[in-house]
Amino acid sequence: MSTSSSHYIVLSRDPLRFDAVGRSNSVFFDEANKEVFAVTGGNNEVFVKSLDTRRNATIRIPDKGPVASIKFSLDHKVLAIQRTPQIVDFVNLENKVEARDYSQQCKGKVTQVIGFQWTGVNEIVFITNQGIQFYQVSPERQTLKLVKTYSVSVKWFVFSCELNVLLLSSGPSGNTIHPYMFRPGSIVRIPKFEVELPQTPSGQMKPRLLERDVTVAPLYKQTYIVVVKSWSKMSGGAEIVLYLLTKDAVARKTDVLKLDMSGRFAINVVDNLLLVHHQASRVISTVLLSLYKRFW
């Protein structure tokens, strides 16, 4: 970042502080609620840290083994915890007091949960190696009802909490993308599409599309899939490719942004500004799409 007095981006003067990851401490980030969970000791005490200090809490959960993932429901009344590849546990919390827990096992003998996301106050989706399973949660009855399933052989997934959009990756190179939009009580399945990968000479390893290269972002009140292409060094730099996503059509490639850097990148969007984080140089570039466009 520039040392001049004028900046586009500055670090917060009041950062969120929590204990570092260690042998006796695991740390998780709940993107939907913007909170950090620190699970300590015997994995039954959870420290919740939030930028809204009123939400800071210490919670005791049933000790059933190491925690793989943990997230609050959107109203902070139910805590979902994954410890094993097949089961997600739920704990009802009122005023941060522990209640009796209940569990949901994913459907299918060889199915494994690779992640889960709350899509509504009482709705949750399990992303598995075989597709997705969409459930309605009834905290009062301490049960879950399966609403919808879709079958896809999944390599990885990307979820936008802000837009309630899920992308599943499939195919040998991971470049077949299956988008889904979530609405209250329902899922909209959008036609799949393929991200173009560069041709490679015979005998060379083919490039793969990785989870870290894909982001779902809101830009100018529309939903875009942002793909970083950094496989080829012959072009002199990486590219950022934007695909416009709508609920009733195949995602359409709209823009290609040429970068003069190569290597690993990360993407964020703030107020229609595309923030491109370059790992090697530790530089963040800001792109205003309305001024910087290359139309295809």
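Relevant structure appears above.
Source: prediction; values computed, not measured. (Residues numbered from 1 in each chain as written. Predicted model: local features only at pLDDT ≥ 70, side-chain atom pairs only at ≥ 80, totals over all residues. Heavy atoms only, no water.)

Novice: What is the right way to read the packing of aromatic side chains from this model?
Specialist: Two aromatic rings, taken as a pair, are described by how far apart their centres are and by the angle between their planes. One pass over the structure, following the stated rule, counts 8 aromatic pairs. Aromatic pair Tyr 150 and Tyr 180: ring centres 5.3 Å apart, planes at 45°, arrangement tilted. Of this pair, Tyr 150 sits in strand β12 (residues 143-151) while Tyr 180 sits in strand β15 (residues 176-183), and the two are 30 residues apart along the sequence. On the basis of relative accessibility, which here comes to 14%, the residue Tyr 150 falls in the buried class. (Phe/Tyr/Trp six-rings, centres within 6.5 Å; stacked < 30°, edge-to-face > 60°. Helix = DSSP H or I, 4+ residues; strand = E, 2+ residues; numbered from the N terminus. Buried < 20%, exposed > 50% of the residue type's maximum accessible area, 1.4 Å probe, protein only.)

Novice: Would you explain the nonpolar core in this entry?
Specialist: Note that soluble globular proteins tend to have their nonpolar side chains buried in a common cluster. Judged by nonpolar contacts, the single largest core of 19 residues is most densely connected at Leu 167, Val 214, Ile 225 and Tyr 243. Broken down by secondary-structure element, the contributors of at least two residues to this core are β13 (156-160), β14 (165-170), β15, β18 (214-219), β19 (222-229) and β20 (239-245). Among the elements that line this core, the one with the most residues is β20, at 3 residues. Every residue in contact with Leu 167, bar those within four places of it in the chain, is listed here: Trp 156, Phe 157, Val 158, Ile 177, His 178, Pro 179, Val 214, Val 216 and Ile 225. (Core = buried A, V, L, I, M, F, W, Y, C linked by side-chain atoms within 4.5 Å. Contact = heavy atoms within 4.5 Å.)

Novice: Any chance you could explain the pattern of salt bridges here in plain terms?
Specialist: Side-chain pairs of opposite charge can arise where the charged atoms are in close proximity. A complete count under the given rule lists 7 salt bridges for this structure. Between Glu 45 and Arg 60 there is a salt bridge, with the nearest N and O atoms lying 3.7 Å from each other. Residue Glu 45 is located in strand β3 (residues 45-50), and its partner Arg 60 is located in strand β4 (residues 57-60); the two are separated by 15 residues in the primary sequence. Judged by its relative accessible area of 26%, Glu 45 falls in the partly exposed class. Overall, Arg 60 belongs to the partly exposed group, its relative accessible area being 46%. (Salt bridge = Lys/Arg side-chain N within 4 Å of Asp/Glu carboxyl O.)

Novice: Is there a simple way to explain the layout of surface pockets in this structure?
Specialist: Its volume calculated, the largest pocket comes out at about 1,000 Å³. Glu 31, Thr 215, Val 216, Ile 267 and Asn 268 are the residues nearest the centre of the largest pocket, which is lined by 30 residues in total. Looking at side-chain class alone, the lining of the largest pocket contains 18 nonpolar, 6 polar and 6 charged residues. (1 Å grid on protein atoms, 1.4 Å probe; cavity = no way out; pocket = protein on both sides within 12 Å on 5 of 7 lines; lining within 4 Å. Points joined across faces, edges and corners; volume = space filled by probe spheres on them. Nonpolar A, V, L, I, M, F, W, Y, C, P; charged D, E, K, R; others polar.)

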